[in-house]
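# Per-entry structural report
What follows is each chain in one-letter form.
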Amino acid sequence: MIRHTLSFRFADGVDEATRESVLAELRTFPDRYPAMCGFVLGENISTRDQTFTHTMAVDFDSQDDLLAYLGSESHESFVRTRWRPVIAQQAITSFEFAERPSLAAGRTPPVSTRPHGPYGMEYARIEVPDMQATIDFLEYHVGLQLEQRTDEYAYLRADIEHHAIELIHAPERTDGWTTAIGYSVESEEVLEQLHKSVLDAGLEVLELQERQKALCDNGFAVKDPDGLIVELFTEFQEYAEPPHIEIRPLDLVHPFIATAKFEETVDFYQNVLRFRPSDHVVGSTTFFRGEDRYHHSLAIQNNKEHFTAHLCFAMKSLDHVMRMRARALYKGAPIASDIVNHSASTSIAFYLHDPRFGPRYELCDRHRVFTPEEHETHRPRRMPADPRNIDVWRPASDDWGRF
């Protein structure tokens, strides 16, 4: 369990009605964020220290649930519009503790009854003309670690998952090309449901690539409308520890796929593979999330041709993003799109692109994670095709450069 505490003092000029209004809104949080347990809020009655006037405490089952709450759009909006204008001082702590059995007995988390989609992205398979140059690029500029290499293929990983990138040696190619993407699935039951959904759509069920069969318990593959292979599987193998590299990604978050078959492709991923739409940039892009609750584990862009536009890696911090950017500038590696502040995922990122090595590589400082409640109830926004809906730092609606 994680206990999260917030002690605070209102600014001296804040009237009583405003204070009570803010406190009343805090008390609604357990209803808005079901992952919260044991919420309490009260006035400070200490005779030793009156630095703060109130304290709120709440428990979460995991660090992920706490971070999902803190990073949720509704929480950030509350902090920005209601909290900061009236609070003079605050102190926040979070710590892990073991819950007493008597408190945990009989408590079960809410269970969704809807059909589930894939959990989260695990890897991309990319054919490249120059294997060694691509490995060098991914190690130095993305922070991946090479785990296995033959004359035919190579595996590179970001964290404990077996690999995030599989490279295929293809000397006949001029540029790198993404041929497959892989997603883990929560259970055999969900895998079977997805298998049935693919058959019901009249699509061909393919076997997993031979090497991938040895890296998971069970799975299958299917082609999307453009022929991109989507591999779905359970129990992807993991290492005991992450790579001992300080500046590296924590996760492969999503692919961004361009297609000339936009409506057909959106239908495939939403209604056949059961990804959940998070947001739409009307006529341009649909962002989908998986069961890992990232704002998007997949993005589909309306384009004149098909290609995998980029792969997004989440780094440990903004500091690490900027250190990777410094490496790119130092080595003269091509930065295809410099620092952007994404409105949808609330992440700050930049993009590297050398066509020889495949798609663009997005390195971001974090990625918005929905709370369990938001994951079930979120209504996708329909945003106009405006650069400020992609990068909130763009000053005007016609500022489309630098993407």
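As annotated in an unreviewed UniProt entry, the protein chain is Putative Metapyrocatechase from Streptomyces afghaniensis 772.

## Details of the overall build of the protein chain
Within the protein chain, the regular secondary structure consists of 11 helices and 20 strands. For 403 residues, the compact-globule formula gives about 22 Å, and the C-alpha radius of gyration of the protein chain, at 23 Å, lands near that figure. A burial count over the protein chain gives 50% of its 403 residues as buried. Restricting the contact set of the protein chain to residue pairs at least 6 apart, pairs at least 24 apart contribute 68%.

## Here we look at the packing of aromatic side chains
Under the criterion given, the structure shown has 18 aromatic pairs. Ring centres of Phe60 and Tyr69 lie 5.5 Å apart, and the angle between their planes is 25°; this geometry places the pair in the stacked category. Neither Phe60 nor Tyr69 differs from the other in exposure class; each is buried. Judged by centre distance (6.1 Å) and plane angle (65°), the ring pair of Tyr269 and Phe275 falls under edge-to-face. Summarising the burial analysis for this pair, Tyr269 and Phe275 share the class buried. Put simply, the rings of Phe8, Phe10, Phe29, Tyr33, Phe60, Tyr69, Phe78 and Trp83 pair up and form one aromatic cluster. Between Arg211 and the ring centre of Tyr153, over which it is positioned, the NZ or CZ distance is 3.8 Å.

## With respect to the UniProt feature "domain: Stress-response A/B barrel" (unreviewed entry) in the protein chain
In this numbering, the UniProt entry assigns the feature "domain: Stress-response A/B barrel" (unreviewed entry) to residues 2-95. Secondary structure content for residues 2-95 is 38% helix and 34% strand, while the C-alpha to C-alpha distance between its ends is 6 Å.

## As for the pattern of salt bridges
The full count for this structure, using the stated rule, is 27 salt bridges. Across the pair Arg32 and Glu25 runs a salt bridge, and its minimum N-O distance is 3.4 Å. When the shortest N-O distance is used, the salt bridge between Asp386 and Arg388 registers 2.7 Å. Judged by relative accessible area, which is 11%, Asp386 ranks as buried.

## Side note on the sheet that holds strand β11 (residues 229-234)
Strand order in the open sheet made by the 7 strands is β6-β7-β8-β5-β9-β11-β10, with mixed pairing throughout. Each end of this open sheet is capped by a strand with a single partner; those strands are β6 (145-149) and β10 (218-223). Adjacent strand axes in the sheet meet at a mean angle of 20° when their direction is disregarded. Both β10 and β11 contribute to a ladder of 6 bridges, which runs antiparallel. Within the sheet, the bridge partner assigned to Gly219 lies in β11 and is Phe233. Relative to β10, helix α7 (residues 188-200) is tilted by about 30°, and along the sheet it contacts β10 and β11.

## So, the domain arrangement of the protein chain
Split by domain assignment, the protein chain resolves into domain 1 (2-96) and domain 2 (120-389). Between domain 1 and domain 2, the C-alpha centre-to-centre distance is 35 Å. On the side of domain 2, 11 residues touch domain 1, which itself brings 14 residues to the contact. Taken together, the connections running from domain 1 to domain 2 amount to 4 salt bridges. As a salt-bridge pair, Arg293 and Asp65 come within 3.5 Å of each other at their nearest N and O atoms. For the side of domain 1 that touches domain 2, the secondary-structure elements that each account for two or more residues are α2 (29-32), α3 (63-71) and α4 (73-83). Taken together, the residues that form the side of domain 1 that touches domain 2 break down as 5 nonpolar, 3 polar and 6 charged.

## Observations concerning the UniProt feature "domain: VOC" (unreviewed entry) in the protein chain
In this structure's numbering, the residues bearing the UniProt feature "domain: VOC" (unreviewed entry) are residues 120-235 and 249-366. Across residues 249-366 one finds 21% helix and 45% strand; the C-alpha atoms that close the span lie 10 Å apart.

## Digging into the sheet that holds strand β20 (residues 381-383)
Taken together, the 9 strands give an open sheet; going across it, the order is β17-β18-β19-β16-β12-β15-β14-β13-β20, and neighbouring strands pair in mixed fashion. If you trace the sheet from one side to the other, it starts and ends with β17 (335-341) and β20, each paired once. Going across the sheet, the axis of each strand differs from the next one's by a mean of 20°, ignoring polarity. Running at roughly 165° to strand β15 (residues 298-302), helix α9 (residues 262-272) makes contact with β12 (249-259), β13 (276-281), β14 (285-289) and β15 of the sheet.

## Examining the side chain of Asp65
Along the chain, Asp65 turns up in helix α3. On the basis of relative accessible area, Asp65 is assigned to the buried category, the value being 14%. Not counting residues within four places of it along the chain, the set of residues in contact with Asp65 comprises Ala35, Phe60, Arg293 and Pro372.

What counts and how
Residues numbered from 1 in each chain as written. Predicted model: local features only at pLDDT ≥ 70, side-chain atom pairs only at ≥ 80, totals over all residues. Heavy atoms only, no water. Helix = DSSP H or I, 4+ residues; strand = E, 2+ residues; numbered from the N terminus. Rg over C-alpha atoms; globule rule 2.2 N^0.38 Å. Buried < 20%, exposed > 50% of the residue type's maximum accessible area, 1.4 Å probe, protein only. Contact = heavy atoms within 4.5 Å. Phe/Tyr/Trp six-rings, centres within 6.5 Å; stacked < 30°, edge-to-face > 60°. Lys NZ or Arg CZ within 6 Å of the ring centre and 35° of its normal. UniProt positions renumbered as here; feature names shortened; annotations may be inferred. Salt bridge = Lys/Arg side-chain N within 4 Å of Asp/Glu carboxyl O. Pairing = 2+ DSSP bridges. Axes fitted to C-alpha atoms, helices over the stretch in contact; angles between N-to-C directions. Domains from an automatic or database assignment. Nonpolar A, V, L, I, M, F, W, Y, C, P; charged D, E, K, R; others polar.

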